[in-house]
Amino acid sequence: MTSTSNASSAERADADGDTPVADNLGAVLATGEPPNAPSAWSASVTFAWRAMLKIKHVPEQLFDVTAFPVIMTLMFTYLFGGALAGSPEEYLQYLLPGVLVMSVAMITMYTGVGLNADIQKGVFDRFRTLPIWRPSALVGAVIGDVCRYSLASVVIIVLGLALGYRPGGGVLGVLAGVGLLLVFSFAFSWIWTLLGLLLRSERSVMGVSAMVLFPLSFLSNVFVDPRTMPSWLQGFVDVNPIAHLVAAVRGALSGQWDGSATLWMFVSAGIILAIFGPLTMRRYNRK
Amino acid sequence: MSSAPAIETSGLVKVFGATRAVDGIDLTVPEAAVYGILGPNGAGKTTFVRMLATLLRPDGGHGTVFGRDIVGDAALVRRQVSLTGQYASIDEDLTGTENLVLLGRLLGHGKTAARRRAGELLDAFGLTAAADRQVKHYSGGMRRRIDIAASIISTPRLLFLDEPTTGLDPRSRNQVWDIVRVIVAQGTTVLLTTQYLDEADHLAGRIAVIDHGTVIAEGTPGELKSSVGAGSVRVRLRRAEQRAQAERVLAAELGTEVHFDADPVALTARIAGGESGRGAAEHASRALARLAQDGITVDDFSLGQPSLDEVFLALTDRKENRA
Ligand SMILES: Nc1ncnc2c1ncn2[C@@H]1O[C@H](COP(=O)(O)OP(=O)(O)OP(=O)(O)O)[C@@H](O)[C@H]1O
Ligand SMILES: [Mg+2]
């Protein structure tokens, strides 16, 4: 085995996948004190960057945050528009904030699915032996997902505008509405991270998530005013966090703030995070 | 703390359901050397290493790394160790550079420092041309190298290498051995698990042989060999037609099996260990004297140490007989 020092022969050796330059290996070993461990925030951002790199290498994973919201918006606008509000354009004024929330809430379940697949891989062994704030790997993954949710929100709002949706709250209202949605989704994702760690396969994570998400998003004010529902169902809608979120986002977009819904949305986001964040970390540490 | 050994465990236990994967391991690993953990599939090597690397919580006993408890002081342990797991501990979807930059950042390097470090390591490990390729397209040997490179972005005090050469061809295996030697020469302690006896023999200063989650022998490679048997004597005769006669003489004198080598004038006899208290050389010289008495001309002879394979078989047999 020859060790190479000039560039061209080194490259030839690489093509074979061979020949580490063992001679200068000693020189490349770091001496002295290693740098201080990164802060919790900086480690989390680094993991979010990892999530972005993964999207760069596997762009197909953006399918769920682009095509899915488009289908949802078109389907429900034209399916229910005529029957519920006389015309699709009119219905869209009511529906769009709801379908925005529903699509993003549905997409959050991919956080658990992705984590389940990711964490099976050996690289997590390495992450967990690093001297970093342990939750950062998961927080970073969720931050990466929040970027995906933003993309989905942009897709839906642009499509809505094209179809004739006119938000009364203007640019600020739209930004505020999307902001509320992202805050809630960040908290909501921790339910799926826990499921992703608890369940054995991606498929089961998917199944359980759908079972939770369908009733939460349909039995709400996404499609129709809950006052048209039987009272027992209204009772459920009243405690459904997705319903509070929809009311808050709808208020922000339309420029007519719904203070109590917004407050409830923050409270339920806080409760979800306070319960599922620590549970997820407990599970992550014991795995 | 500098006087504490690199690793010290006492009665370490890990149970998975009905399997006692690690069943009471007591071990002391001195600093700045390669320590080999040798054992067959399912012996508990990976489980043992994962406990020491703070990835698994022991179910019993305790362990320290440079004097720090692997449960109570896990965060301090993590500052000193690095793990190259049995199953690729790098991100297959990312490129070589991205992997090393990611880990450099997580170890606290700034953006430019992390990039520079990645470049240096890829260069030193002969991976420059593959730097921008996704790791999933690397060959087995290249994967192992990037995996080890990822473990020494900051030089750890203790490096765990879990079966670093399983599945590699001899050439890639030699490359990994070279890398390990350089790392140890710089003062890092390496705990290396392997199923290959010659690997432990080549690299490790001390070896623990484990089976069914317990240590069945511990010592230097030389000590292990001499604890088992004295080895073998290989004899080359002048005339091939005397080989059958020589076989009878050696078998009678040494009381062990005698093999004909592929070479038509050579034969090898094992020398039984221990009980009589005599060493290999003494056995061998008596056997050679008998050959001379019987008129068999010996051109050449050599004494061989037992291979670690023989050591391993002898040790596991002994244990099964006891059980
Ligand atoms: N997570 C787990 N759940 C259940 N059993 C496990 C788990 N991990 C290991 N085991 C069992 O513990 C025993 C020891 O496994 P371990 O992986 O430590 O062996 P090993 O010496 O590393 O083997 P190999 O050479 O095949 O890598 C085996 O019987 C294995 O089936
Ligand atoms: Mg193993």
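Residues numbered from 1 in each chain as written. Chains lettered and ligands numbered in written order. Predicted model: local features only at pLDDT ≥ 70, side-chain atom pairs only at ≥ 80, totals over all residues. Heavy atoms only, no water.

**Things to note about the site of ligand 1**
Residue and element names in this part refer to chain B. Taken together, 14 residues form the shell around ligand 1, and within it Gly42, Lys45, Thr46, Thr47 and Glu163 come nearest. At 2.8 Å from an oxygen atom of ligand 1 is found a side-chain nitrogen or oxygen belonging to Asn41. In this structure, an oxygen atom belonging to ligand 1 sits 2.8 Å away from a main-chain N or O atom of Gly42. Against a free-state accessible area of 640 Å², the protein chains account for coverage of 62% of ligand 1. Elements with a contribution of two residues or more to the shell around ligand 1: strand S2 (19-29) and helix H1 (45-52). Here the shell around ligand 1 gets three residues from one element, more than from any other, and that element is H1. (Near = heavy atom within 4 Å. Polar contact = N/O pair within 3.5 Å; in protein donor to acceptor, adjacent residues only side chain to side chain. Areas by Shrake-Rupley, 256 points an atom, 1.4 Å probe, with all protein chains shown as cover. Helix = DSSP H or I, 4+ residues; strand = E, 2+ residues; numbered from the N terminus.)

**Observations concerning the domain arrangement of chain B**
For chain B, the assigned domains are domain 1 (7-225) and domain 2 (229-305). The straight-line distance from the C-alpha centre of domain 1 of chain B to that of domain 2 of chain B is 42 Å. (Domains from an automatic or database assignment.)

**What about the pairing of strand S1 (residues 7-16) of chain B?**
Residues and elements named next belong to chain B. Across five bridges, S1 lies against strand S4 (residues 60-65) in antiparallel orientation. Bridge pairing in S4 links Ile7 to Val65. Of the strand pairs in this sheet, S1 and S2 are connected by eight bridges, and their pairing is antiparallel. Residue Glu8 lies in a different strand from S2, and its bridge partner there is Thr28. Following S1, the chain reverses through two residues before pairing antiparallel with S2; Gly17 in that reversal takes a positive phi of roughly 55°. (Pairing = 2+ DSSP bridges.)

**Observations regarding the coordination of the magnesium ion (ligand 2)**
Residue and element names in this part refer to chain B. For the magnesium ion (ligand 2), the protein coordination sphere consists of Thr46 (OG1) and Gln86 (OE1), at 1.8 to 2.0 Å. Of this pair, Thr46 sits in helix H1 while Gln86 sits in the loop between strand S6 (81-84) and helix H3 (96-106); the two residues are 40 residues apart in sequence, bridging distant segments of the chain. Assessed through its relative accessible area of 23%, Thr46 is described here as partly exposed. (Donors = N, O, S within 2.8 Å, 3.2 Å for Na, K, Ca; no water. Buried < 20%, exposed > 50% of the residue type's maximum accessible area, 1.4 Å probe, protein only.)

**A few points about the sheet that holds strand S13 (residues 266-271) of chain B**
Residue and element names in this part refer to chain B. Pairing within the open sheet is antiparallel, and its four strands lie in the order S12-S13-S11-S14. Edge strands, defined here as strands with exactly one partner in the open sheet, are strand S12 (258-260) and strand S14 (298-304). With direction set aside, neighbouring strand axes in the sheet form an average angle of 20°. Bridge analysis of strand S11 (residues 231-237) against S14 gives six bridges, and the strand direction is antiparallel. Across the sheet, residue Ser232 finds its bridge partner in S14, namely Gly304. In this fold helix H9 (residues 243-254) packs onto S11, S12 and S13, with an angle of close to 5° to the strand it touches most, S13. Sitting on the sheet, helix H10 (residues 280-293) touches S11, S13 and S14, and the angle it makes with S14 is about 160°. (Axes fitted to C-alpha atoms, helices over the stretch in contact; angles between N-to-C directions. Contact = heavy atoms within 4.5 Å.)

**Some details on the sheet that holds S6 of chain B**
All names here are of chain B. The six strands are arranged S6-S7-S8-S3-S9-S10 in an open sheet whose pairing can be described as mixed. Each of the sheet's edge strands pairs with one partner strand only, and the pair in question is S6 and strand S10 (214-219). Averaged over neighbouring strand pairs, the angle between their axes works out to 15° when direction is ignored. On top of the sheet, H1 reaches strand S3 (34-38), S6, strand S7 (158-162), strand S8 (189-194) and strand S9 (206-211); it is set at about 155° to S8, its chief contact. Where helix H5 (residues 140-151) meets the sheet, it contacts S6 and S7, and its direction lies at approximately 170° from that of S6.

**Here's the deal with unusual backbone geometry**
Residues and elements named next belong to chain B. Positive phi is not limited to glycine here, since Ala32 has a value of about 60°. Residue placement: Ala32 occurs in the loop between S2 and S3. Backbone geometry places Thr54, a non-glycine residue, at a positive phi of 65°. If you trace the backbone, Thr54 turns up in the loop between H1 and S4.

**Here's the deal with the side chain of Lys14 of chain B**
Residue and element names in this part refer to chain B. Mapped onto the fold, Lys14 is located in strand S1. Engagement of the side chain of Lys14 in a polar contact is seen with the backbone oxygen of Arg57, the distance being 2.8 Å. Aside from chain neighbours lying at most four places away, what touches Lys14 is Thr19, Arg20, Ala21, Val22, Thr47, Met51, Leu56, Arg57 and Asp59.

**Structural notes on the interface of chain B and chain A**
Each partner contributes residues to the interface: chain B has 55 residues there, and chain A has 42 residues. With both chains or domains summed, chain B and chain A bury close to 4400 Å², and 60% of this area falls on carbon and sulfur atoms. Taken together, chain B and chain A are joined by six salt bridges. For the pair chain B and chain A, the interface holds 11 residue pairs in polar contact (both at pLDDT 80 or more). Of all the secondary structure elements, the ones that give two or more residues to the side of chain B that touches chain A are S6, H3, helix H4 (111-124), H5 and helix H6 (170-185) of chain B. Looking at the side of chain B that touches chain A, its residues break down into 25 nonpolar, 16 polar and 14 charged. (Buried area = accessible area lost by both parts, 1.4 Å probe. Salt bridge = Lys/Arg side-chain N within 4 Å of Asp/Glu carboxyl O. Nonpolar A, V, L, I, M, F, W, Y, C, P; charged D, E, K, R; others polar.)

**Some thoughts on the confidence of the model for chain A**
When pLDDT is averaged along chain A, the result is 85, and 90% of the positions lie at 70 or above. Note that pLDDT drops below 50 for residues 1-17 of chain A; the model gives that stretch 19 contacts with residues more than four away or on any other chain. (pLDDT = per-residue confidence, 0-100.)

**Digging into the side chain of Thr64 of chain B**
Of note, Thr64 of chain B is situated in strand S4. Here Thr64 of chain B is in contact with Ala6, Ile7, Glu8, Asp69 and Ile70 of chain B, once residues within four sequence places are set aside.

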